[in-house]
Amino acid sequence: MKFMKLGSSPDTFFTIEAVRSVSTEVTSDLIVQVRGSRYLLHKAPLLSKCLHLQKLCAECSISSSSSQQQTLQLPEFPGGEEAFEMCAKFCYGIAITLNSLNIVSVRCAAEYLEMTEEAEKGNLVYKLEVFLNTSILCGWKDLIAALKSTTSLPSWSEDLGITSRCIDAIASKVQAAEKTDYVRDSNAKKCNGIGSQDHKPLGKGWWTEDITELGPELYWRTMVAIKSGRKLPAKVIGKALQIYASRHLPSTSENVASTVQVPRNVSTELVKDVTSKHRSLLESIVSLLPMEKGSVPCSFLLKLLKAANILGAAAASKMELARRVGMQLDEASVSDLLIPSLSDTSETLYDIDIVLNILEEFMLQCQSPPTSPPRAKARFNSRRSRSVKNVNFEYQESKRSSSASHSSKLKVAKLVDGYLQEVAQDTNLPLSKMIALAESIPDFARPEHDDLYKAIDIFLKSHPDLNKNERRKLCQVLDFKKLSKESCIHAVQNERLPLRVVVQILLFEQAQSMANGGQATDLPDRIHSLIATHNEDPSRVPLSPMETPTLQADARWSISSLKSLKLRLAALLMKPAKHANQMSNNEAQQDDHDLGTSSKLKGLCLVFSGPKWMLGSCL
């Protein structure tokens, strides 16, 4: 730490009965009251250097005799008793030591006393300014310490330009150091005005730890100044924000009142005040986030979003975080998305609405660009025309971007299915939000539906009171063609699924088995037992509304007709391949005609060919 010594006389200040005096042979003729301290001093040394004290003494002499001791009241003295005493010692020629910890308070005190060149050449203000400009502002640790000390005298520091000068100095040093990307060891010389006092290797982001010592307001101003130079990579700015937030924001996994270290039995107003400070800090960090995608990890953005929910941050900050998360949602994990819901209007454990907003932003950000090269116009100016090489390059870049977008959607679909399995356990989760989450991902992004089926099964288990229509609506998001064999076996035996869905899965599986050379099996015992318990046959299958009117006339099948149709379909599928190849065109047409005459068989074929019609009429 750099320091400056002024004066040479020994310290002769002493205290008697809470009164500070100077040990001299001259009787005191001046009493100065600074806050709670009383000083017995002398006019001669003080008034020669302090214009403000001269003015006060002149005003007091009008109403009192000059032979009496004059009393001066300085109730709002900047820096308090310590700063005043250092100024008084300077007037007496007593040695004082100035450093980065006290220079701000002494500088403000000297300004208040008007210890300027107008009173005397080489006065205290001049010496302090020289030390500040040549030493404090040229160092690094001293600069941080001096800037921190301005918080005790914010208005005085602002008026004297100390705060702004410190911030500008920090920004210029950071920008210069990051630009050169230097690394020095403990034996290196000074570089970019950073003193040899800092003996540690420096590289990109070396300053991020040091400025975490600043308070929220000073940190925000410093980061704004650093960003204004536009010389630092966005990831370096993001790293600095992440470090600062991790040190000054409470944990997002617990309640604010318990994470902020506040003693027990404190007032509610104090807790609210602490929460308000953290809320302001979070909103400041959000406003400082770089615009570039990937400048901060997605997990960090989601932690900020959790903290925003806990601290009750402004809606604009939440939406901005949701937008940024949507830009890089493929980097997130399921645990990151489990944002606690603290809304009075929602009883769900997690904030589903904000996740839906994030998914909407992701789909907007992840729109695939055109995958065909732009067509050149016939008549183009030669200066504006593109070469074939440029067009091909743009075409390849467009294909690469489209491929990345598709890959991101596949990752997000897997993420959403995992998220659904977690939130489906919440008994307060509405069916509408469960369906909205499941349908937020396009069909092509889910090559298989096993994870989605698990989420639906968990939801049905957690919500046993769902009626038939609600279970049917939920099952409509499934595509049975994308279920694995293990999931189909589980679904057929799953008593929580509607009977109609079980029949459809069974028929689809048997059709697949017969197509691969297997044999058809009878309906499982569960279906037979359920049929026996219903007066009206629940397995009768209504056809999809997408089917033709001719098929709607025969809209219900009995169990016996289902078995009959299975046997007929099996007979068709089990025909030898070589026999089918030897069929004449007339025979093929005749078989097609026979197949077309049965509306029931047509309906069954739709079961195996249509991707989703079977879901439309679940029990």
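Residues numbered from 1 in each chain as written. Predicted model: local features only at pLDDT ≥ 70, side-chain atom pairs only at ≥ 80, totals over all residues. Heavy atoms only, no water.

On to the packing of helix α16 (residues 352-365) against helix α18 (residues 431-439), then. Put simply, α16 and α18 touch, their axes get as near as 10 Å, and they point 20° apart. Our classification of the angle between α16 and α18 gives roughly parallel. Considering only the axes of α16 and α18, their crossing is left-handed. Only K433, A436 and L437 of α18 make contact with α16, whose side of the interface consists of I352, D353, V355, L356 and L359. A per-class count over the contact of α16 with α18 returns 6 nonpolar, no polar and 2 charged. (Axes fitted to C-alpha atoms, helices over the stretch in contact; angles between N-to-C directions. Helix = DSSP H or I, 4+ residues; strand = E, 2+ residues; numbered from the N terminus. Parallel < 35°, antiparallel > 145°, perpendicular 65-115°, else oblique. Left-handed = near helix turned anticlockwise from the far one by under 90°. Contact = heavy atoms within 4.5 Å. Nonpolar A, V, L, I, M, F, W, Y, C, P; charged D, E, K, R; others polar.)

Applying the stated criterion across every chain yields a total of 18 salt bridges. Two residues, E111 and R107, come together in a salt bridge whose shortest N-O distance is 2.8 Å. Taken together, the residues E111 and R107, both in helix α4 (residues 103-113) and 4 residues apart, mark about one turn of the helix. Across the pair K414 and D451 runs a salt bridge whose closest N-O atoms are separated by 2.9 Å. Residue K414 is located in helix α17 (residues 388-423), and its partner D451 is located in helix α19 (residues 450-462); the two are separated by 37 residues in the primary sequence. (Salt bridge = Lys/Arg side-chain N within 4 Å of Asp/Glu carboxyl O.)

Further remarks concern unusual backbone geometry. Phi angles above zero are rare outside glycine, and E17 is one such case at about 55°. Assessed through its relative accessible area of 75%, E17 is described here as exposed. Despite not being glycine, E114 shows a phi value in the positive range, around 60°. With respect to the helices and strands, E114 occurs in the loop between α4 and α5 (124-136). According to the relative accessible area criterion, E114 is partly exposed, its value standing at 22%. (Buried < 20%, exposed > 50% of the residue type's maximum accessible area, 1.4 Å probe, protein only.)

On to the packing of aromatic side chains. For the structure shown, the criterion picks out 7 aromatic pairs. Here the aromatic rings of Y219 and Y244 are separated by 3.7 Å at their centres, their planes lie at 10°, and the arrangement is stacked. With a gap of 25 residues between them, Y219 in helix α9 (residues 216-228) and Y244 in helix α10 (residues 234-248) connect regions that are remote in the sequence. The buried category is assigned to Y219, whose relative accessible area is 2%. Looking at Y244, the relative accessible area reads 0%, which means it is buried. The lysine or arginine in question, K89, covers the ring of F13, its NZ or CZ lying 5.7 Å from the ring centre. (Phe/Tyr/Trp six-rings, centres within 6.5 Å; stacked < 30°, edge-to-face > 60°. Lys NZ or Arg CZ within 6 Å of the ring centre and 35° of its normal.)

Within the secondary structure layout, K272 lies in helix α12 (residues 268-288). Take K272: its relative accessible area is 58%, and that puts it in the exposed class. Each C-alpha atom, one on K272 and one on L311, is 9.9 Å from the other, the two residues being 39 residues apart in sequence.

The subject of this paragraph is the environment of E120. Counting through the fold element by element, E120 comes out in the loop between α4 and α5. With a relative accessible area of 30%, E120 lands in the partly exposed category. Beyond its immediate chain neighbours, meaning those up to four positions away, E120 contacts S48 and K49.

Before going further, it helps to spend a moment on empty space enclosed by the protein. Using the criterion set out here, one finds 2 cavities of 30 Å³ or more in the structure. Lining the largest cavity are L289, P290, M291, E292, K293, G294, S295, V296, L301, R324, M327 and Q328. In the lining of the largest cavity, the residues fall into 6 nonpolar, 3 polar and 3 charged. As a volume, the second largest cavity reaches approximately 40 Å³. Those elements giving two or more residues to the lining of the second largest cavity turn out to be α16 and α17. The greatest single-element share of the lining of the second largest cavity, amounting to 4 residues, is contributed by α17. For the lining of the second largest cavity, a count of residues per class yields 9 nonpolar, no polar and no charged. (1 Å grid on protein atoms, 1.4 Å probe; cavity = no way out; pocket = protein on both sides within 12 Å on 5 of 7 lines; lining within 4 Å. Points joined across faces, edges and corners; volume = space filled by probe spheres on them.)

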